[in-house]
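This is what each chain is made of:
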Amino acid sequence: MPASDLPLLIDAAHAAGRIASRHFRKAPRVWHKPGDAGPVTEADLEIDRMLSAELTAARPDYGWLSEESDDTAARRDHARVFIVDPIDGTRSFINGETIFAHSLAVAEGGRVTAGVVYLPERDLLFAATRDGGATLNAQPLRPVRKDRLDGATVLAAKSNFDSDHWQGGLLPCTRHFRASLAYRMCLVAEGRFDAMITLRDCWEWDIAAGDLIATEAGVRVTDRRGAGLRFNNPHPQCPGVLAAGAALHDALHARLLTRR
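The shown structure was predicted, so the numbers you read here are calculated from the model rather than taken from an experiment.

## Considering the packing of aromatic side chains
So, point 1. Applying the stated criterion to the full structure yields 7 aromatic pairs.
So, point 2. Seen in terms of ring centroids, Tyr-62 and Phe-82 are 5.1 Å apart; in terms of plane orientation they differ by 45 degrees. Their pairing is tilted. Residue Tyr-62 is found in the loop between helix 2 (42-58) and strand 3 (63-66), and its partner Phe-82 is found in strand 4 (residues 80-88); the two are separated by 20 residues along the sequence. A single burial state applies to Tyr-62 and to Phe-82, both of which are buried.
So, point 3. What links up through ring pairs into an aromatic cluster is the set Phe-24, Phe-93 and Phe-100.

## Here's the deal with the nonpolar core
So, point 1. Formed by 43 residues in total, the largest nonpolar core has its most connected members in Val-117, Phe-126, Ile-207, Ile-213 and Phe-231.
So, point 2. Sorting the residues of this core by element identifies strand 4, strand 5 (101-108), strand 6 (111-119), strand 7 (124-129), strand 8 (133-136), helix 4 (181-190), helix 5 (204-216) and strand 16 (241-244) as the ones contributing at least two each.
So, point 3. Counting residues per element, this core draws most heavily on helix 4, which supplies 8 residues.
So, point 4. Core analysis: the second largest hydrophobic core is formed by 29 residues, Leu-8, Phe-24, Ala-43 and Val-116 among them.

## Quick word on the sheet that holds strand 9 (residues 139-140)
So, point 1. Taken in spatial order, the 7 strands line up as 3-4-5-6-7-8-9 in an open sheet, and their pairing is mixed. Looking at the sheet topology across the chains shown, the edges are occupied by strand 3 and strand 9.
So, point 2. As defined by bridge partners, strand 5 adjoins strand 6 across 7 bridges and the pair is classed as antiparallel. Its bridge partner being in strand 6, His-102 is matched across the sheet by Tyr-118.
So, point 3. Its contacts with the sheet place helix 5 against strand 3, strand 4, strand 5, strand 6, strand 7 and strand 8, and it is angled at close to 100 degrees to strand 6.

## With respect to helix 5
So, point 1. Under the 1.5 Å per step criterion, the end-to-end length of helix 5 is 18 Å for 13 residues, consistent within 8% with the ideal 18 Å.
So, point 2. Along its length, helix 5 reaches its greatest deviation from straightness, about 25 degrees, at Gly-210.
So, point 3. In terms of residue burial, helix 5 counts as a mostly covered element, since 12 of its 13 residues are buried.
So, point 4. Within helix 5, burial applies to Glu-204, Trp-205, Asp-206, Ile-207, Ala-208, Ala-209, Gly-210, Asp-211, Leu-212, Ile-213, Ala-214 and Glu-216.
So, point 5. Gly-218, located one to two residues past helix 5, shows a positive phi value of around 100 degrees.

## Re the pairing of strand 5
So, point 1. With 7 of its 8 residues buried, strand 5 lies for the most part within the structure.
So, point 2. Alignment of strand 4 against strand 5, held across 7 bridges, turns out to be antiparallel. From the neighbouring strand, Ile-83 faces strand 5, where its bridge partner is Ala-105.
So, point 3. The turn linking strand 5 back onto strand 6 is made up of 2 residues, and Gly-109 within it adopts a positive phi angle of 60 degrees.

## Digging into the side chain of Thr-90
So, point 1. Checked against the element boundaries, Thr-90 lands in helix 3 (residues 90-94).
So, point 2. On the accessibility criterion, Thr-90 (9% relative accessible area) is buried.
So, point 3. Each residue touching Thr-90, except ones within four places of it in the same chain, is listed here: Pro-39, Val-40, Thr-41 and Asp-44.

## Side note on the sheet that holds strand 12 (residues 195-198)
So, point 1. If you walk across this open sheet you meet the 5 strands as 11-10-12-16-14, and the pairing is mixed. Only two strands of the sheet have a single partner each, and these edge strands are strand 11 (174-176) and strand 14 (220-222). Averaged over all pairs of adjacent strands, the angle between strand axes in this sheet comes to 20 degrees, irrespective of strand direction.
So, point 2. Helix 6 (residues 246-255) contacts strand 12, strand 14 and strand 16 of the sheet and is inclined by roughly 140 degrees relative to strand 16.

## Things to note about helix 4
So, point 1. Among the 10 residues of helix 4, 9 are classified as buried, and the element is accordingly described as predominantly covered.
So, point 2. Along helix 4, the positions that sit buried rather than exposed are Leu-181, Ala-182, Tyr-183, Arg-184, Met-185, Cys-186, Leu-187, Val-188 and Ala-189.
So, point 3. Residue Gly-191 follows helix 4 closely and has a positive phi angle near 90 degrees.

## Quick notes on the pattern of salt bridges
So, point 1. Per the stated rule, a full pass over the model turns up 10 salt bridges.
So, point 2. With a shortest N-O distance of 3.3 Å, Glu-108 and Arg-80 are connected by a salt bridge. Taken together, the residues span a long stretch of sequence, with Glu-108 in strand 5 and Arg-80 in strand 4 at a distance of 28 residues.
So, point 3. On the basis of relative accessible area, Glu-108 is assigned to the partly exposed category, the value being 32%.
So, point 4. For Arg-148, the salt bridge is made with Asp-150, and the minimal N-O distance between the two is 3.4 Å.

Here is what the cut-offs are and how they apply
Residues numbered from 1 in each chain as written. Predicted model: local features only at pLDDT ≥ 70, side-chain atom pairs only at ≥ 80, totals over all residues. Heavy atoms only, no water. Phe/Tyr/Trp six-rings, centres within 6.5 Å; stacked < 30°, edge-to-face > 60°. Helix = DSSP H or I, 4+ residues; strand = E, 2+ residues; numbered from the N terminus. Buried < 20%, exposed > 50% of the residue type's maximum accessible area, 1.4 Å probe, protein only. Core = buried A, V, L, I, M, F, W, Y, C linked by side-chain atoms within 4.5 Å. Pairing = 2+ DSSP bridges. Contact = heavy atoms within 4.5 Å. Axes fitted to C-alpha atoms, helices over the stretch in contact; angles between N-to-C directions. Expected span 1.5 Å × (residues − 1). Bend = angle between axes of the 7 residues up to and from the residue. Salt bridge = Lys/Arg side-chain N within 4 Å of Asp/Glu carboxyl O.

In structure tokens, the structure reads:
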């Protein structure tokens, strides 16, 4: 039921934004996760509790996967699952930067069927349903696609541009960066950048909503091996992400050495 799930996700994303805004630039408490897994703030945890309560109450037959909740194998017993990142870009949130996002998705049979990425401090709401198109603030996303590597603008962490990842040395592209993976995927869907790359394994909650939004906008999204992304895996990670228009995606993937 992706069409009925989308309004639920949109309402939940706005509620998450209201919580985030109460804490934003007000020195929220910060903890560091074990194993150098990054920071978490009181806002992340409050949003996670709210989303878990509201979404699972509305859809009690759905499973639950969130960055800030303990994962259990029980989610695999459900036909549909929520995949949520309460705040994607927590470091940006802590630093008072407005490029953090709330990423909410529903997946069924390994594919995302409804997804929302919301940047509350910029009032940007990206949304999509499977086979229903993608929107930004309710306006359809129809970006123009660049089909050549030369001069392409690519969103990626600096390490992804290392020459040992690419045949023929450095890519003839311009690198840009945004902290939120979900937002990076949406920026490609919007056409503000030509591609995004992350070669490291990615947690599903970082990319599930962005995968659908980009795909529905006409972007080709795969892992670093060239396979379509699958979700609600026993270990909830995907082997990297490569997102671009079809021709540029093929050109990037043809140059890529790091595919394993």
